[in-house]
Amino acid sequence: MDRFAIEGGRPLEGKISGSGSKNATLPLMAASLLTQGVTVIRNVPELQDIRTMAMVLRVIGADIILENGTLNIDTSRCNFWEAPYELVRKMRASFYVLGPLIARFGKARVSLPGGCALGPRPVDLHLKGLQQLGCDISIDSGYVVAKARKLKGSEIRLDIASVGATGNLMMAALAANGVTLIDNAACEPEIVDLASMLCAMGAEIRGAGTPQVEVVGPAYLNPVEWTVIPDRIETATLLMAGAVTGGRIRLTGCRSDHLTIFLDKIKEAGADVKVEDSSVTIDMHGRKLGAVDVTTAVYPGFPTDLQPPWTALMSLAEGDTVITDSIYPERFTHVPELVRLGARIHKKVNSAYIKGVDHLTGAEVMCSDIRAAASLILATLAAEGRSNLMRVYHLDRGYERIEEKLAALGAKIQRISE
Ligand code: EPZ
C-alpha cells in the first residue's frame, strides 16, 4: 500500500493544468453500450475508477484501450448483460451500466453496490424510475435483475435530484417508446455532458441542466468522438491547496462557470481570485483566511464533494465555521484525522463546528475515501513538519497524478510504496 511523505508548511506557487472529470467520464463510458462500434472519449483522467469501469465494460464484452487520456471503447461484440459484485463493490458508479444494459439487451443483472464509507447510499430511485418505464425488477442473491419486454415513456418524479438516477433513467428511456419526463432531475454539469454526448450520438434530450429533462424514444444511436469536461472538483481542490498554504497558483484547462458558488465562497474567505477564459488564479499573498460557513446542496449549490477539503481549509481560518452536509450526513471521517493534525473540530449530527487554529502540525493520518483524502492532503501540505498520508489509493481513485501536480507547485511530497 502506498503512502505519501509530506514536508508541509510551504506555500504552493506556480501554474498547472487540470484533468478531465472523473464523474463525467464514468457515465459516458457506460453510454458507449448504447451503440455498436467505437466510441472515442478524450481528456479522460487516468484513474483507478476509470480502470474499474473499463473492467466492468470488458466483462460485458467491450474492447477498451486507454492511452494518453483517450479511451477507445468498441462495443460491437458486447454479448453479456451482467456487472459482477467484485467490481460494483469497488466502485458504486459501476451501477451506471444498468440503464444502458436494459436499453441494449432488454435485460440486465447488476450487483447492488452494498455499503459505502459515505453512509447509506440507496439506489431505490433508479429502480423505481425503471419500473415506471415498464421494467420488471427483482433482487436475486444481491443482484438487481431487470427485464423489459417493452419500455414505455413515462413521467418520473425523483424524490431527490439524484445524479446517478437521472443518468441511468435518461439512458434507459432512450429505448422506451414515447417521451419520458424526468422531473426534479439533477442539474450537475456531468449530467449535461452526458446528455450532450447522447444528443451527438443521435438522441433527442431536452432540458438537461434544468430540473425537467425530456427524453424522446426510441433512439438509434451512433458512436461518436467526445471530449470530457474539466473536473470541477479537482479544480476547486487544487485552488484550495493554494489557499490553505498561503500561496499563489494558476490553474489552466478549467471551467469556472461550473464553480460559481465555490469561487464566491473562497473570495469571501479572503482569497484574491482572477478568472480568465479557461484559467483561474488564486492568490493568498499578504491575505488571511477568514471563516465562511457552507451547507452542501445539489448543483448549483456547494458540492458535497468539496465539503471535506473545505473543512481542512476552515481549520486554519480565523474565527468559527459551521459546515453542514445535507447530501451525506455521515461524510465526516476526515474530521478525527484533521484533529490529529491539531484542528479544533467538533462534529454534531450532519455538521462540523470548527474553531480556527493558527497552525497545524504534521502527523500520520489515514485516508478513508476520495474526498476525505483530499481534505487530508490539503491539511498536511499546510501543517508544519512531516506527515505521513496513509492509504493514498483513495486519492489514486479520483485525482490524476496528484503528487506530480503538487510537486510542480513546490510541494515536498514523495510517494512511498511498501
Ligand atoms: C454522484 O454520486 C457522484 N458520483 C458523487 O461523487 C457525489 O458525491 C454525488 O453524486 C453527489 O453530488 C459520481 O458522479 C460517479 P446521488 P451519486 O445519487 O450519483 C440519495 C466522489 O467522491 N439517493 O446524487 O451516487 C443518496 O443517498 C463521489 O466523486 C437516494 O436516496 O449521488 C444521497 O444522499 C462520491 N436514493 C443523495 O441522494 C437513490 O436511489 C444524492 O445521491 C439515489 C440517491
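Structure: see above.
Residues numbered from 1 in each chain as written. Predicted model: local features only at pLDDT ≥ 70, side-chain atom pairs only at ≥ 80, totals over all residues. Heavy atoms only, no water.

(A) Structural context of unusual backbone geometry. Across the junction of G217 and P218, the peptide omega takes the value -10°, indicating a cis bond. With respect to the helices, strands and loops of the structure, P218 is situated in the loop between β13 (212–217) and β14 (225–227). Backbone geometry places N43, a non-glycine residue, at a positive phi of 60°. You can see N43 is positioned in the loop between β3 (38–42) and α2 (48–60). Its identity is not glycine, yet N68 carries a phi of approximately 45°, on the positive side. Relative to the assigned elements, N68 resides in the loop between β4 (63–67) and β5 (70–74). For N68, a relative accessible area of 74% puts it in the exposed group. (Helix = DSSP H or I, 4+ residues; strand = E, 2+ residues; numbered from the N terminus. Buried < 20%, exposed > 50% of the residue type's maximum accessible area, 1.4 Å probe, protein only.)

(B) Fine view of the sheet that holds strand β23 (residues 385–390). Spatially, four strands are ordered β22-β23-β1-β24 in an open sheet, and the strand pairing comes out mixed. Pairing within the sheet leaves two strands with one partner each, and these edge strands are β22 (364–366) and β24 (412–417). The sheet shows a mean angle of 25° between the axes of neighbouring strands, direction not considered. When β22 meets β23, the two strands line up parallel, connected through three bridges. Note that in β23 the partner of E364 across the bridge is N388. Packed on one face of the sheet, helix α12 (residues 370–382) meets β1 (2–8), β22, β23 and β24 and runs near 35° to β1. (Pairing = 2+ DSSP bridges. Axes fitted to C-alpha atoms, helices over the stretch in contact; angles between N-to-C directions. Contact = heavy atoms within 4.5 Å.)

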